[in-house]
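Notes for the structure review
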Amino acid sequence: MSGDLARTTAGAPATSEQWKQRYGAALMNTFGPPRLVLVRGEGPYVWDADGRRYLDLLGGIAVNVLGHAHPTLTAAISAQLGTLGHVSNFFATPTQVALAERLLALSEAPDGSRVFFTNSGTEAVEGLVKIARRTGRPRILAQEGAFHGRTMGALALTHKAAYREPFEPLPGGVEFLPFGDVGALEDAMGDDVAAIVLEPIQGEAGVRPLPRGYLARARALADEYGALLAFDEVQTGIGRTGSWFAFQHPDVGAGVRPDVMTLAKGLGGGFPIGAVVGFGAAGSLLNPGQHGTTFGGNPVAAAAGLATLGVIERDGLLANVRELGARLTAALAQAPVVAEVRGTGLLLGAQLVAPAAARVAELALGAGFVVNPVTPDTVRLAPPLILTWDQVSPFVDFLTGLTPADLEDS
């Protein structure tokens, strides 16, 4: 960070409290007061403006898959920005084409599959909604508890009333089905269903995997009625579960391939990028002029995506996610304050014995750990995929050292 930015008008280093005051005076109050003001990161660690170090077990909400300041990623971004930074989508660039080809190869996409690049996950879901509309059918089926983003089309697929109601009326045609209820899905199907939209693991609802067999049944029903099956893998994709994509994981998707998949978060390792993958015929439903983006798939973002995928493969991070995730799950389950651990790989939700997730997150922050109280009774972990046991074991010791009495507000 620039020395001028880091200092007050008196010349002294700016403190976290001073930064928070400036934040409150300059930024819209859409997120509430920040818990920390972070100035630097390295690997799985971040430092605040007062010099305190924290183990980042949230990873920018499943974004920083390579941790912070990864040398390969920063070198790739710098090199590309020094060569060609932005050209708009009137033109193509080699990095854009290469990243699309890489995603199709990793997802084992059939002939005819295509990629559309965006800047974020919610924009990727907007693309998904438009693809669904191109079928000419009026109904989209989503799940109770779903979170797909906050732009208007994505918000229409997001279930939480507090997010939706201030902005109604939203785009219509979306129906929410009881989470994981196969019978409800069967009853809702018809020839007028455009798409079934699912998160293989619901992140914002407390890290809830769909029941085993649900995705396979959804695939069969989509085929029977000619509907699209769409997976929102914004949070579960790019190695988060220990497979490249959750639909490939034997315990999550069991190889049930969707017609449309959305990606973002970890794809750029911290650089903003998202993608919509249309498998087979779904890759051709959008035609010239029907969708667009100025920045999506720009050469710098694409270079970040290529570097991120390359490091995951080169360093064997999928295996690390599987092994560390299993060990971490088993260890957290032994904590006296934990009732259940849900999730796969390094997307985990520790459900507590009481609705005290905010209290646990506060205590964790004081002890030097960044976690997320995603629901009142669940703490979410989505750390960098480079995390090691030696780095995370102090957090395990912290959590297992808590007692139910510690969950009570002082």
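This section reports on the structure supplied with the text. (Residues numbered from 1 in each chain as written. Predicted model: local features only at pLDDT ≥ 70, side-chain atom pairs only at ≥ 80, totals over all residues. Heavy atoms only, no water.)

So, on to unusual backbone geometry. Here the bond from glutamate 168 into proline 169 is cis, since omega is 10°, no more than 30 degrees from zero. Inspection of the secondary structure puts proline 169 in the loop between α7 (161-164) and β6 (174-177). Positioned with a positive phi, valine 207 is a non-glycine residue whose angle comes to about 60°. Here valine 207 shows up in the loop between β8 (201-202) and β9 (208-209). The backbone phi angle of alanine 254 is positive, close to 50°, even though this residue is not glycine. Take alanine 254: it is sitting in the loop between β10 (228-232) and β11 (260-263). (Helix = DSSP H or I, 4+ residues; strand = E, 2+ residues; numbered from the N terminus.)

This part covers the side chain of aspartate 56. Mapping aspartate 56 onto the fold places it in strand β3 (residues 53-56). No salt bridge is formed by the buried aspartate 56; the nearest opposite charge belongs to arginine 240, separated by 9.2 Å. Of the polar contacts made by the side chain of aspartate 56, one reaches the backbone nitrogen of leucine 58; its length is 3.1 Å. A distance of 2.8 Å separates the side chain of aspartate 56 from the backbone nitrogen of glycine 59, its partner in a polar contact. (Buried < 20%, exposed > 50% of the residue type's maximum accessible area, 1.4 Å probe, protein only. Lys, Arg positive; Asp, Glu negative; His and termini not counted. Salt bridge = Lys/Arg side-chain N within 4 Å of Asp/Glu carboxyl O. Polar contact = N/O pair within 3.5 Å; in protein donor to acceptor, adjacent residues only side chain to side chain.)

With that out of the way, let us pick up the packing of helix α3 (residues 71-81) against helix α10 (residues 299-314). For the pair α3 and α10, the least separation of the axes is 9 Å and the interaxial angle reads 155°. Considering their axes alone, α3 and α10 lie roughly antiparallel with respect to each other. Once α3 is placed against α10, the crossing between them reads as right-handed. Counting all contacts with α3, which are made through Thr72, Leu73, Ala76, Ile77, Gln80 and Leu81, the residues of α10 involved are Pro299, Val300, Ala303, Ala304, Ala307, Thr308, Val311 and Arg314. In terms of residue class, the contact of α3 with α10 is made up of ten nonpolar, three polar and one charged. (Axes fitted to C-alpha atoms, helices over the stretch in contact; angles between N-to-C directions. Parallel < 35°, antiparallel > 145°, perpendicular 65-115°, else oblique. Left-handed = near helix turned anticlockwise from the far one by under 90°. Contact = heavy atoms within 4.5 Å. Nonpolar A, V, L, I, M, F, W, Y, C, P; charged D, E, K, R; others polar.)

This brings us to the pairing of β3. When a strand is regular, its side chains alternate between the sheet's two faces. Alignment of strand β2 (residues 45-48) against β3, held across three bridges, turns out to be antiparallel. Along β3, the bridge assignment pairs tryptophan 47 with arginine 53. Connecting β2 to the next strand, β3, in antiparallel fashion are four residues, including glycine 51 with a positive phi near 90°. Taken together, the two bridges between β3 and strand β15 (residues 369-370) define a ladder with parallel strand orientation. Looking at β15, one finds that leucine 55 is bridged to phenylalanine 369. (Pairing = 2+ DSSP bridges.)

For helix α12 (residues 357-366), the full list of buried residues reads Ala357, Arg359, Val360, Ala361, Ala364 and Leu365. One or two positions beyond α12, positive phi appears at glycine 368, with a value near 95°.

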